[in-house]
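# Tertiary structure, described
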Amino acid sequence: MTLRTKFLIIAGVMSLSIWSFYPPGEKIKLGLDLKGGVHLVLQVHTDDALRIETERTVERLRETLVEGGLEVGSLSVTSSTEFLVEGVQPAQDQAFRQAASDDSEAVFNRSSGAGNYTYSMKPNIANQLREEAVTQALQTIERRVNELGVAEPIVAKHGSDNQILVQLPGVSEVARAKEIIRSTAQLELKLVEQGPFYSRDAALQAVGGEIPGEMELVSGSEDVSATGGGVPSTLYYFVGRVAGITGRDLRTARPTLDEMNQPAVSFSLNQDGARRFGQLTGANVGRQLAIIIDDRVFSAPTVEGRITDEGRITGSFTQQEAQDLSLVLRSGALPASLTYLEERTIGPSLGAASIRAGVTASLGGLLLVVLFLLFYYKLTGINAVTSIVMNLIILLGLMAYLGATLTLPGIAGFILTIGMGVDSNVLIFERIKEELSTAKGVKSAVSAGFDRVWWTIVDTHVASLIAAMFLFQFGTGPIRGFATTLTIGLLANVFTAVFVSRAMFELVLSRRRTALSI
Amino acid sequence: MKIFNTPNYDFIRWRWHAIVISSVVILAGLGVIVQRGLPLGIDFSGGTIVVIKFADEVSEDQIRNAVEVIPGEKVVQQYGDLDDHEILVRLPQMEATEEGANLSQGADQIVEAIQGAGLPDFEVISTEIVGPVIGADLQRKGIYATLASIIGITLYIAFRFRPSFALGAIAATFHDILVTLTFLTFFGYELSLNVVAALLTITGYSVNDTIVIFDRVRENLRGRRRDSLEHIVNTSVNQTLSRTVITAGTTFLAVASLFFFGGEVLRGFAFTMLVGIVSGTYSTIFIAAAIAIILSKRRRSTAAPASSASSSRVAQKAGRVQTS
């Protein structure tokens with residue numbers, strides 16, 4: 001390779017890098033710790049999704065048994081993955097098994113004992129349901145976050161334990177964002193069977209102490225003030241177990257105003273939902289229909305006539321609440337409840353201060369190193385300084401090109417890259433000095449210097465890369481940024497410290513020098 | 001210009017002294033750690049940290065009084081420069097975080113308490129809340145990552161050099177990690193994600209230094225098979241001494257800049273690196289090579305009890321490993 005080709009390559013790499021990251025303000029992606037925002041880790045309680053499946057199966061079985069005229073002692077959900085059937089009459093045993101396996105065979109295993117059967121969910125199905133729940137939660141959160149209008153959010157699976165990572169750059173209303181992300185938003189419309197009652201005890205008394213199997217007891221919401229239009233938590237209703245309409249039937253939901261000019265949420269149903277809503281309301285004029293969100297009754301209006309595709313949820317909403325409720329309804333229900341495991345909020349002012357500090361520290365470090373190199377190696381120091389600066393330019397260029405995120409520890413990575421750059425250069429220069437002292441002539445000393453340390457440089461870089469690799473695997477956001485910077489810096493360093501530096505030596509030596517300023 | 005003119009210090013002669021000194025430091029450190037426990041930051045222990053910027057000067061005591069009402073062991077300290085008026089308040093992991101409980105309860109309590117205390121206007125500039133699940137998870141991952149990277153590097157050195165060298169390098173790395181932990185504990189720095197990142201970087205850095213010397217040993221073994229291993233190692237340490245000192249010096253300068261100008265968030269990181277660089281340089285010169293020699297000898301004495309000509313045999317053996 002001629003010297004000319006080498007310099008063309010170097011110039012090419014430099015211009016590509018600069019083109020890639022210029023202007024840095026736009027091209028370099030900053031991490032949350034530098035631009036401010038909130039980092040959240042959520043746990044998806046996938047047991048909820050399994051319980052829903054189990055309950056659904058039990059309801060289906062209950063209906064099948066009624067239709068087939070089969071009687072059992074009791075039918076109960078014992079855990080999120082198990083249900084128990086007791087008191088199957090011996091004469092009906094065969095018929096029961098047949099009916100039950102039609103409803104549950106695909107999902108549940110059966111174990112038996114004298115008229116009692118325990119059904120437990122097949123482990124592979126349970127795992128599949130868990131995974132689906134996480135994926136579905138992820139998509140729902142994504143929709144909600146997008147509706148919040150956050151620029152460049154990150155919503156991703158995190159770790160292996162049904163966790164989800166959410167990063168929202170630049171969000172200031174953290175509490176609201178958190179509430180919107182985690183609200184389950186399970187909408188159900190159910191006919192009121194009995195009620196309202198003014199206490200739980202009164203309700204239980206009315207049905208003789210035990211809630212009938214096909215009903216459940218729900219109360220109003222705690223958030224509703226007594227004076228507002230919503231249903232307070234002190235009111236209890238018996239509603240049917242099976243919802244006529246659920247959130248899945250929604251086409252959209254939006255904030256609106258009710259007759260009293262109070263904020264409310266109006267929703268419209270999709271075609272299938274509208275048909276069923278029509279049937280339901282048409283057949284039950286005069287009865288109360290409870291609008292239930294996350295097991296809380298929001299309102300229980302009386303059905304005045306057949307309604308098909310439109311409905312309205314009233315309550316004592318503020319405008320913001322009406323808006324947020326329509327947002328979460330629109331984006332769909334979460335398949336399982338969520339809890340927060342980790343929350344880190346970085347204010348934009350702290351981020352900006354960190355950038356300033358990081359840049360000052362980098363430039364300060366660079367300046368100190370440059371001064372030292374020029375002082376100690378004289379003209380050859382220029383060589384080292386050039387290769388270090390080029391290293392930083394390539395590092396920036398590659399980061400922009402790969403879309404890698406720059407974090408505060410990542411800036412520390414820049415400083416360590418300067419350190420690595422110095423190391424390789426010093427290694428080479430010291431070796432050249434040694435070779436010079438054995439009086440071989442400048443050219444052969446330089447070439448021997450580079451050749452002899454080549455494997456040392458490879459070994460040291462591989463060792464550092466191994467550490468960086470595990471660091472990447474270990475860390476979250478900021479630490480990953482550090483590992484990324486370090487890795488790219490190490491790779492760029494092999495190019496600049498060996499290829500660029502050598503080309504510069506060769507350029508100097510091509511002018512028929514016999515001594516080296518080193 | 002040269003720092004050392006053909007240096008010829010007898011480092012290897014001091015190997016036992018060095019090992020004793022290092023052991024004392026490390027044992028003292030372990031003693032403190034066992035006694036007081038490793039100071040875990042909230043990344044690993046879980047808990048809440050709120051950093052508040054006040055419009056005007058406030059004292060730590062004022063804040064301490066304000067948050068007195070919150071149960072649990074609180075830490076209140078100045079954050080960053082004095083004239084930034086920033087205060088950090090830390091709460092431990094709350095015991096009764098029942099399922100679904102509000103994770104941000106502690107942070108809310110702090111803000112409320114300070115609001116009610118009649119202090120100057122303030123702004124919460126950062127909140128970090130780590131639940132117990134995440135803390136335990138990060139602890140596990142941190143230990144795993146550190147051990148895995150040490151094992152990875154050991155295997156690489158064993159593959160490129162020879163097993164006894166790998167053990168020497170790894171002894172030096174453990175030495176550096178333990179010494180750094182000792183200093184961190186002693187100077188009251190908490191173990192955070194950043195500090196662990198710095199520790200991992202030090203493993204890379206420390207091994208770096210060691211590899212440079214081992215590379216030279218390998219090269220010298222090729223040329224001088226008649227010399228004893230001690231002699232060759234000592235010569236190699238001397239030959240690379242300028243490089244070791246200059247690199248350590250410049251990296252130290254760069255990291256010192258980070259320590260002084262890089263801001264509060266990176267202070268622990270930079271401190272860890274500073275200690276690690278010094279320890280790494282020392283361990284490269286005194287510990288890594290010494291242990292490599294000691295281990296090489298032990299192997300030799302078990303392999304060949306009659307040991308008169310053995311040093312040259314070791315050298316030959318090394319030469320073979322070398323050329324293969």
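Rules used in this analysis
Residues numbered from 1 in each chain as written. Chains lettered and ligands numbered in written order. Predicted model: local features only at pLDDT ≥ 70, side-chain atom pairs only at ≥ 80, totals over all residues. Helix = DSSP H or I, 4+ residues; strand = E, 2+ residues; numbered from the N terminus. Buried ≥ 20, exposed ≤ 12 C-beta atoms within 10 Å, placed from the backbone. Contact = placed C-beta atoms within 7 Å. Expected span 1.5 Å × (residues − 1). Bend = angle between axes of the 7 residues up to and from the residue. Nonpolar A, V, L, I, M, F, W, Y, C, P; charged D, E, K, R; others polar. Pairing = 2+ DSSP bridges. pLDDT = per-residue confidence, 0-100. Axes fitted to C-alpha atoms, helices over the stretch in contact; angles between N-to-C directions. Parallel < 35°, antiparallel > 145°, perpendicular 65-115°, else oblique. Left-handed = near helix turned anticlockwise from the far one by under 90°. Core = buried A, V, L, I, M, F, W, Y, C linked by C-beta atoms within 7 Å. Domains from an automatic or database assignment.

## Here we look at the overall build of chain A
Counting secondary structure elements, chain A contains 15 helices and 19 strands. C-alpha atoms of chain A, sized along the principal axes, occupy 110 × 60 × 40 Å. When burial is assessed residue by residue, chain A has 46% of its 518 residues classed as buried. Counting only contacts in chain A whose residues sit at least 6 apart along the sequence, the fraction spanning at least 24 positions is 73%.

## As for the overall build of chain B
Secondary structure summary: chain B contains 11 helices and four strands in total. Put simply, chain B has 324 residues, and 49% of those count as buried. A fraction of 78% describes how many contacts in chain B between residues 6 or more apart in sequence connect residues 24 or more apart.

## So, helix α14 (residues 442–474) of chain A
Taking 1.5 Å of rise per residue, the 33 residues of α14(A) would be expected to cover 48 Å, and the 47 Å separating its terminal C-alpha atoms lies within 8% of that figure. In the structure, α14(A) departs most strongly from a straight axis at A:Trp454, where the bend amounts to approximately 35°.

## Considering the interface of chain B and chain A
Facing 54 residues of chain B, the contacting portion of chain A comprises 55 residues. Counting only elements with at least two residues in the side of chain B that touches chain A, the list comes to β4 (122–130), α5 (132–160), α7 (193–223) and α9 (241–261) of chain B. The class makeup of the residues in the side of chain B that touches chain A is 27 nonpolar, 20 polar and seven charged. Bridge count for strand β18 (residues 338–346) of chain A against β4(B) is five bridges, and the pairing is antiparallel.

## Description of the confidence of the model for chain A
Should the pLDDT be low somewhere, the predicted coordinates at that spot are not to be read in detail. Looking at chain A as a whole, its pLDDT mean stands at 85, while 96% of the residues score no less than 70. Note on residues 224–228 of chain A: pLDDT is under 50 here. Beyond four places in sequence and across chains, it has nine contacts.

## Concerning the packing of helix α1 (residues 3–21) of chain A against helix α12 (residues 379–402) of chain A
Packed helix pairs are specified by the crossing angle of their axes together with the interaxial distance, meaning the distance between the axes. Residue and element names in this part refer to chain A. For the pair α1 and α12, interaxial distance at closest approach is 8 Å and the crossing angle is 50°. In this view, α1 runs oblique relative to α12, as classed from their interaxial angle. Classified by chirality, the crossing of α12 by α1 is left-handed. The residues of α12 that touch α1, namely those facing Val13, Met14, Leu16, Ser17, Ile18, Ser20 and Phe21, are Met390, Ile393, Ile394, Leu396, Gly397, Ala400 and Tyr401. Across the contact of α1 with α12, the residue classes break down as 11 nonpolar, three polar and no charged.

## Describing the nonpolar core
Buried together is how nonpolar side chains tend to be arranged in soluble globular proteins. A:Ala137 and A:Leu471 are the most contacted members of the largest nonpolar core, which has 225 residues in total. Every residue in contact with A:Ala137, bar those within four places of it in the chain, is listed here: A:Val44, A:Ile164, A:Leu334, A:Pro335, A:Ala336 and A:Leu338.

## Notes on the pairing of β18(A)
Residues and elements named next belong to chain A. For β18, the tally of buried residues reaches eight of nine residues, placing the bulk of the element in the interior. Across eight bridges, the pairing between strand β2 (residues 37–44) and β18 is antiparallel. Residue Val41 lies in a different strand from β18, and its bridge partner there is Glu342.

## Observations concerning the confidence of the model for chain B
Residues and elements named next belong to chain B. On average, residues of chain B score 83 in pLDDT, and 89% of them reach the 70 mark or higher. Every residue in residues 302–324 scores below 50 in pLDDT, and together they form 25 contacts with partners more than four places removed in sequence or on other chains. What the predictor reports for the complex is a pTM of 0.81 with an ipTM of 0.83.

## Brief notes about the domain arrangement of chain A
All names here are of chain A. Taken domain by domain, chain A holds domain 1 (3–33 + 348–510), domain 2 (39–44 + 128–342) and domain 3 (47–123). Distance from the C-alpha centre of domain 2 to the C-alpha centre of domain 3: 29 Å. The partner domain 3 presents five residues to the eight residues of domain 2 that form the contact. Grouping the constituent residues of the side of domain 2 that touches domain 3 by class yields five nonpolar, one polar and two charged.

## What about the sheet that holds strand β13 (residues 250–257) of chain A?
Residues and elements named next belong to chain A. Judged by pairing direction, the sheet is antiparallel, and its three strands sit side by side in the order β13-β14-β17 without closing on themselves. Every other strand in the sheet has two partners, leaving β13 and β17 (310–313) as the edge strands with one partner each. The mean angle between the axes of side-by-side strands here comes to 25°, regardless of whether they run parallel or antiparallel. Of the strand pairs in this sheet, β13 and strand β14 (residues 263–269) are connected by seven bridges, and their pairing is antiparallel. Directly across from Thr252, in β14, lies its bridge partner Ser268. Along the sheet face, helix α10 (residues 319–330) touches β13 and β14 and points at about 175° away from the line of β13.

## Some words on unusual backbone geometry
Glycine aside, a negative phi is what most residues show, and trans is what most peptide bonds show. All names here are of chain A. The omega angle of the peptide bond from Tyr22 to Pro23 is -5°, so this bond is cis rather than trans. Residue placement: Pro23 occurs in the loop between α1 and α2 (24–27). Phi is positive for Glu152, which is not a glycine, with a value near 50°. Note that Glu152 resides in the loop between α6 (123–148) and β7 (154–158). The class for Glu152 is exposed, based on 11 C-beta atoms found within 10 Å. Its identity is not glycine, yet Asn261 carries a phi of approximately 65°, on the positive side. With respect to the helices, strands and loops of the structure, Asn261 is situated in the loop between β13 and β14. A residue is classified by how many C-beta atoms lie within 10 Å of it, and Asn261, with 7 of them, is exposed.

## Some words on the pairing of strand β8 (residues 163–169) of chain A
All names here are of chain A. The buried fraction of β8 is high, at six of seven residues. Where β2 meets β8, seven bridges bridge the pair, whose relative direction is antiparallel. When the sheet's bridge partners are listed, Val41 is paired in β8 with Leu165. Sheet topology note: the β7/β8 ladder contains five bridges and is antiparallel. Considered in β8, the bridge of Val155 is made with Val166.

## Brief notes about the sheet that holds strand β3 (residues 74–79) of chain A
Residues and elements named next belong to chain A. Taken together, the four strands give an open sheet; going across it, the order is β3-β4-β6-β5, and neighbouring strands pair in antiparallel fashion. Single-partner strands in this sheet number two, and they are β3 and β5 (108–113). This sheet shows a mean twist of 20° between the axes of neighbouring strands, independent of strand direction. Sheet topology places β3 next to strand β4 (residues 82–86); five bridges connect them, and they run antiparallel. Looking at β4, one finds that Val77 is bridged to Phe83. Sheet contacts for helix α4 (residues 47–68): β3, β4, β5 and β6 (116–121); angle to β3, the most-contacted strand, approximately 175°.

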